[in-house]
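Understanding the architecture of this molecule
Residue-level listing of the chains:
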Amino acid sequence: MSFHPLMAYDRARFQKSERKIADEGPPFVFTPERRAKLDDILTKYPPDKKRSAVLAALYLVQEQVGYVTAGGMRHVAGILDLAPAEVEDVATYYVMFFKEPVGKHVVQVCRTLSCALMGAERVTETLSEKLGIKVGETDASGTFTLLEFECLGACDRAPVIMVNNAQWYECVRPEDVGRLVDDLTASKRDPAFSGCHLKVEA
Amino acid sequence: MEPVLTRYIREPNSYTLAFFLKHEGYEGLRKALAMAPTDVIETVKTSGLRGRGGAGFPTGMKWQFVLTDTPLPKYICCNADESEPGTFKDHLLMERNPHLMFEGCLIGCWAIGAKVAYIYIRGEFFHVQEILEAELAKAYAQGYVGKNILGTGFDCDIVIHRGAGAYEAGEETALIESLEGKRAQPRIKPPFPAVAGLYNCPSAVNNVETLCNLPSIFINGPQWFAGLGPEKNGGPKLFCVSGHVKKPGVFEATMHTTLRELIFEHAGGMRDGRHIKAVIPGGSSVPMLLPHELDIPASFDAVAKAGSMLGSAGIIVMDDTTCMVWAARNLLHFYKHESCGKCTPCREGCDWLYKVLTRIEAGEGELRDIDLLVSVGNNIVGKTLCAFGDAAATPALTTVKHFRPEFEAHVSEGRCTVPADWRATGMPVAAH
Ligand SMILES: Cc1cc2nc3c(=O)[nH]c(=O)nc-3n(C[C@H](O)[C@H](O)[C@H](O)COP(=O)(O)O)c2cc1C
Ligand code: FES
């Protein structure tokens, strides 16, 4: 995305920055349902503080495209009366927004101290071998992306893995990893793994 | 102690409104709404409740500072960002007892004259947010939130706001920035949020556990609350124990309980055949304590006296298989990754600390690198807008202070000498 909509970025002519330029992505408008959802979220903030909904709007872009695109950010900027650069400024700060296409399953392994003490390094290592990709990479078929994450706030159930920013697996041992990957591939969720929810209900 | 905050968490459906109402739910709010807001603040001051988010600042006093003489709206911001490594108590409270937090938010709003409470929940807690939203809708439908609450004429909304992955968003002014739709970076203080907070209006930022303590203060009285712990450290407290213990988890106890009791009785002690090497008592940001320093009450004041901080009460236990250079490097990776970039000492310093630690851990360091760590660390401490800088330098500074020979061994042997069976094999250290 360019700093200014009328000034297309052309590295050679305008700047020498090594900054990664946001991926344009497909032409973007919110689906009517998502637009309605955003309009509803906007009612929760004072009418002149629409900017407060920017994170929510970016989540909706990501839900629709799979990652946050330049087109999506411009669209959000238009709705919230912001400059596209202001939206990009926010989007690039927060780690839960993907700035480039990711796999269908984004596997995010907690690497911070409590998880590491319980063997998170080995979990990541085993996942990396099983998936044939390094941390930060997406496999050739676009099925898996492997990421390391910082403390997820569930250190008593270390090591913790989060998938697609939402679905949690806990107390994961290296020997569980094969089953986890198979389950994700088959799009089924093994209840024995999941539920950060302290499950007391039947 | 009979648990107060976590009494029912293991009972089926304890998170639902119906269950909550059967167990004194919203009774504290009813009592508080029958009092004048100034009396509510006085009651909280008498109880001695101190903030559970990290700093231990008295909550009643924080509310008293909120500007009243103004036409501007006021806000309660509930800090549900819980990102301090080793901390997972708010997670449990929200999952199993969400209405307690809502009730606390409403009492806070009544006390400071706010009509909205924003709950800023970290983006990763999406499964928790779904529970919160469903329960909040029920509370609205039954008149506990929204218009004319409990028939008293008090109107108050609660809004759940999802963050998107940033540790710094837990710092109170950065949280406000993030709520306003900006990067989570801290503001220069003063002005404090009590004067110019959310949307530049008077605001109070309170931690989830802090707010959850309020209902019981109004149900049982402030003296009861104050009497539950040592002087100035009253009330029930949630402790998170993780790391190399047999039974990690959240434990509710008074602040009379010692760190040793929490680790060896509540959390089941060390893994078989292992002994304790170091303990971080209050989340990764606070100085480590050594095994002989654990016979102190886990209270704000006693842990401070021992040279550390109770912080967020995230107790991380490390046994003798832990390499301290590795531990420091692990935490500096966290701080380098999470530094918001606003202050140069922190942004650059964290990066350098991480690089130097990586070098030493890989066995490629020199002896002077150890002093370099101390020097870089000391050039961050006290030189940043928020407490992040001090927190980030701490793991490097305290590991060098207590475990210098381990750093020296990495340099002289060119490898790590601490045996760990849980480390990855492909890490940049020689095989153990
Ligand atoms: C870098 C940093 C991160 C913080 N993260 C959190 C957090 O995740 N949750 C929290 O409640 N307080 C956090 N705090 C403390 C808050 O700034 C603030 O003191 C607290 O929310 C006040 O609530 P309390 O008075 O109820 O403790 C953090 C502080 C700093 C400096
Ligand atoms: S360290 Fe992994 S959840 Fe806290």
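Up top is the structure.
Anyway, here's the lowdown on the structure attached to this text. What you see is a predicted model, and the numbers here were worked out from it, not measured in a lab. (Residues numbered from 1 in each chain as written. Chains lettered and ligands numbered in written order. Predicted model: local features only at pLDDT ≥ 70, side-chain atom pairs only at ≥ 80, totals over all residues.)

1. With respect to the interface of chain A and chain B
With 43 residues of chain A at the contact, the number on the chain B side is 57 residues. Within the residue set of the side of chain A that touches chain B, elements represented by two or more residues are helix 3 (54-65), helix 5 (84-91), helix 6 (113-117) and helix 7 (120-131) of chain A. At four residues, the largest contribution of residues to the side of chain A that touches chain B is made by helix 6 of chain A. (Contact = placed C-beta atoms within 7 Å. Helix = DSSP H or I, 4+ residues; strand = E, 2+ residues; numbered from the N terminus.)

2. As for the packing of helix 15 (residues 344-361) of chain B against helix 17 (residues 388-413) of chain B
Axis angle and axis distance: for two packed helices, these are the angle between their axes and the distance between the axes, and together they describe the pair. Residue and element names in this part refer to chain B. For the pair helix 15 and helix 17, the least separation of the axes is 11 Å and the interaxial angle reads 20°. Judged on the interaxial angle alone, helix 17 and helix 15 are roughly parallel. Here the hand of the crossing between helix 15 and helix 17 comes out left-handed. Mapping the contact onto sequence places P345, C346, C350, L353, L357, I360 and E361 in helix 15 and F388, G389, A392, A396, F407, H410 and V411 in helix 17. (Axes fitted to C-alpha atoms, helices over the stretch in contact; angles between N-to-C directions. Parallel < 35°, antiparallel > 145°, perpendicular 65-115°, else oblique. Left-handed = near helix turned anticlockwise from the far one by under 90°.)

3. Let's talk about the pairing of strand 7 (residues 249-254) of chain B
Residue and element names in this part refer to chain B. Where strand 6 (residues 236-243) and strand 7 come together, six bridges link them in antiparallel fashion. Bridging from a neighbouring strand, F239 pairs with F251 of strand 7. Hairpin connection between strand 6 and strand 7: a loop of five residues separates the two successive antiparallel strands. (Pairing = 2+ DSSP bridges.)

4. Things to note about the environment of Q185 of chain B
Residue and element names in this part refer to chain B. The topology assignment puts Q185 in the loop between helix 8 (172-179) and strand 5 (203-207). Separated by 128 residues in the primary sequence, Q185 and F57 place their C-alpha atoms 21 Å from one another. The residues touching Q185, leaving out its near neighbours within four places in the chain, are E168, A174, E177, C340 and K342.

5. Focus on helix 8 (residues 177-185) of chain A
Residues and elements named next belong to chain A. Within the sequence span of helix 8, burial applies to V177, L180 and L184. The arc enclosing the buried residues of helix 8, seen along the axis, measures out at 60°, which places them on a common side. In this structure, helix 8 carries G178, D182 and T185 as exposed residues pointing more than 90 degrees from its buried face. On the buried face of helix 8, the contacting elements are strand 1 (105-110), helix 7, strand 3 (161-163) and strand 4 (167-169). Taken from the residues just after helix 8, S187 is the one with a positive phi, measuring 50°. (Buried ≥ 20, exposed ≤ 12 C-beta atoms within 10 Å, placed from the backbone. Arc of directions from axis to C-beta.)

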